[in-house]
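Structural features, examined
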Amino acid sequence: MQVPQDISNTIVDPKAYADGRRVDDAFTWLRREAPLAQIKPDRYHPFWAVTRHADILAVERQNDIFHNGDDFVTLTPIEAGKKVLQITGGSPHMVRTLVHMDSPDHFNYRHLTQGWFMPQNLRQLEARIRELARGFIDRMAEHGERCDFARDVAFLYPLRVVMEVLGVPQIDEPRMLKLTQELFGNADPEVNRSGSAEIDEKARVLSIQATFVDFMTYFNTMTEDRRKNPRNDLASVIANGAIKGQPLGHLEAMSYYIIAATAGHDTTSATSAGAMWALAERPEQFAKAKADNSLIPGLVEEAIRWVTPVKHFMRSATQDSELAGQKIAKGDWMMLCYPSGNRDETVFQNPFAFDIERTPNKQLAFGYGAHVCIGQHLARMEMKILWEELLPRLQSVELDGEPRNMVSNFVCGPKTLPIRFKML
């Protein structure tokens, strides 16, 4: 089926994700009329929009057929792509994180830090994470009866957790937050490096490159320190890590730091803020969560589904294949539309309802298979602890203004969430 151009343009439009409803309507149309369709938005090369839950999982299961590293791994306009290739000398990637790797590199680099993020290791951090959560809840209470939950709590609490795990001193946390928002919010004039939404694609690439350079300058200094003075932190693991007996390459080491220092907290921040937004609008859901502590894991899981902070990843086909009855040609580019999969009517009953008692909740916001989010257990622990500590103290909550989402088609969640509340 020929997909209307306005639908094609909507699912790549950062402003549509900030709006929420507009991109939801576009994905709903695609799931119903063209669930696996090849589209060509303005300014982009054609790609397949994978919008159904089952088809997203099918792609994620077949890592040998659908690669991350062979093409751009996020939506990249044609002109921006040309600039990236010029900067890198032909690679579609300015950094090389786990997200940009395929086997065997992906397995080897993931194995380097995976133990840090397994539940048995995270249990050692639980007491400290709970202490941090209580501290930020105390700060929330100090605001009186009003605060911006996104900026005053949700941004800062996961940031502190991840920076402590990584080994970044508290004094540098504002710098890490600013650089993270510049990177993921490069289309948002309120947080991007230029302060403008109207810069051209090549200038936007240069802005992202400058942010990467700032990150690398910081972490290069940290690497030198950890090689001389290793500590019990993730930075020391990266700085002194080896793959098959060889130290990590400079690009790979810097990229490892960057993904830990950005995705490690920003997605959890977005989900925590999104949960509060949903509860502030739904007193009955807030009352349920407050009355029954056993519903908190369900609240966390539903918030992850509801927000789906990572909006997409791209894959490229390594061979001619077939998916959902469609012929996929070698080299075809594919967009895994996670918000659409998490609203799939064939998987989720009443998908546009926020229901903390939803069961089963087969949300796929963390991805699936080999590329499932390495930090998923830490993210769940942080959010579970936050609500375990906050709900007993929070008597009531409601919106105190208009919340707004980040303008981004890649990683996106609330950037401002004014609430009015009463604490016990």
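My aim in this report is to walk through the structure given alongside it, one point at a time. (Residues numbered from 1 in each chain as written. Predicted model: local features only at pLDDT ≥ 70, side-chain atom pairs only at ≥ 80, totals over all residues. Heavy atoms only, no water.)

The next thing to look at is the packing of aromatic side chains. Think of a pair of aromatic rings as described by two things: how far the centres are apart, and how the planes are tilted against each other in angle. In total, this model carries eleven aromatic pairs according to the counting rule given. Ring centres 6.5 Å apart and planes at 25° place the aromatic pair Phe149 and Trp387 in the stacked group. With Phe149 in helix α9 (residues 149–154) and Trp387 in helix α18 (residues 376–390), this pair connects stretches of sequence that are 238 residues apart. Each member of the pair, Phe149 as well as Trp387, carries the same accessibility label: buried. Their ring planes at 5° and their centres at 4.8 Å tell us that Phe219 and Tyr257 sit as a pair that is stacked. Of the two residues, Phe219 sits in helix α12 (residues 201–228) while Tyr257 sits in helix α14 (residues 250–281), which places them 38 residues apart along the sequence. (Phe/Tyr/Trp six-rings, centres within 6.5 Å; stacked < 30°, edge-to-face > 60°. Helix = DSSP H or I, 4+ residues; strand = E, 2+ residues; numbered from the N terminus. Buried < 20%, exposed > 50% of the residue type's maximum accessible area, 1.4 Å probe, protein only.)

The next point concerns empty space enclosed by the protein. Enumeration according to the criterion identifies one cavity of 30 Å³ or more in this entry. Each pocket or cavity is described by its volume, and for the largest cavity that value is around 70 Å³. Around the largest cavity, the lining residues are Phe155, Asp266, Ala270, Met406, Val411, Cys412, Gly413, Pro414 and Lys415. Of all the elements in the fold, those that place two or more residues in the lining of the largest cavity are α14 and β13 (414–416). (1 Å grid on protein atoms, 1.4 Å probe; cavity = no way out; pocket = protein on both sides within 12 Å on 5 of 7 lines; lining within 4 Å. Points joined across faces, edges and corners; volume = space filled by probe spheres on them.)

Two elements in contact, helix α10 (residues 156–166) and helix α11 (residues 173–184), have axes whose closest approach is 11 Å; the angle formed by their N-to-C orientations is 110°. Between α10 and α11, the angle falls in the class roughly perpendicular. Read as a crossing pair, α10 and α11 show a hand that is right-handed. Taking contact as the criterion, the partners of Leu156, Leu159, Arg160 and Met163 in α10 are, on α11, Glu173, Met176 and Leu177. The residue inventory of the contact of α10 with α11, partitioned by class, reads five nonpolar, no polar and two charged. (Axes fitted to C-alpha atoms, helices over the stretch in contact; angles between N-to-C directions. Parallel < 35°, antiparallel > 145°, perpendicular 65-115°, else oblique. Left-handed = near helix turned anticlockwise from the far one by under 90°. Contact = heavy atoms within 4.5 Å. Nonpolar A, V, L, I, M, F, W, Y, C, P; charged D, E, K, R; others polar.)

Judged by nonpolar contacts, the single largest core of 141 residues is most densely connected at Ile11, Phe149, Met176, Phe219 and Trp387. Per-element tally for this core: the top contributor is α14, with 14 residues. When residues no more than four places from it in sequence are discounted, the contact partners of Trp387 are Ser272, Ala275, Met276, Leu279, Ile296, Leu299, Val300 and Pro392. (Core = buried A, V, L, I, M, F, W, Y, C linked by side-chain atoms within 4.5 Å.)

The next point concerns the pattern of salt bridges. Per the stated rule, a full pass over the model turns up 35 salt bridges. Residue Arg130 is joined to Glu126 by a salt bridge in which the shortest nitrogen-to-oxygen separation is 3.2 Å. Of this pair, Arg130 and Glu126 both sit in helix α8 (residues 126–142), four residues apart, which is roughly one turn of that helix. Judged by relative accessible area, Arg130 falls into the buried class, the value being 17%. (Salt bridge = Lys/Arg side-chain N within 4 Å of Asp/Glu carboxyl O.)

Attention now moves to the pairing of strand β7 (residues 312–317). Within a regular strand, side chains alternate between the sheet's two faces. The element β7 is extensively covered by neighbouring structure, given that six of its six residues are classed as buried. Going residue by residue along β7, you find His312, Met314 and Ser316 tucked away on one face and Phe313, Arg315 and Ala317 tucked away on the opposite face as well. In terms of strand pairing, strand β3 (residues 66–67) meets β7 through two bridges, oriented antiparallel. Looking at β7, one finds that Phe66 is bridged to Ala317. Alignment of β7 against strand β10 (residues 333–337), held across five bridges, turns out to be antiparallel. Counted as the bridge partner of Phe313 is Leu336 from β10. (Pairing = 2+ DSSP bridges.)

Okay, α10 next. Spacing of three or four residues puts side chains on the same side of an α-helix, whose turn is 3.6 residues. Counting buried positions along α10 yields nine of eleven residues, so the element is predominantly enclosed. The complete set of buried residues in α10 reads Tyr157, Pro158, Leu159, Arg160, Val161, Val162, Met163, Val165 and Leu166.

Now for unusual backbone geometry. With an omega dihedral of 5°, the bond running from Ser103 to Pro104 counts as a cis peptide bond. By the secondary structure assignment, Pro104 is in the loop between α5 (78–88) and α6 (105–114). For the peptide bond that leads from Thr359 to Pro360, omega is -5°, which places it in the cis range. The topology assignment puts Pro360 in the loop between α17 (338–341) and α18. The phi torsion at Lys244 lies on the positive side, around 50°, for a residue other than glycine. Relative to the helices and strands, Lys244 is located in the loop between β5 (242–243) and β6 (246–247).

The values are spatial; any link to function lies outside them.
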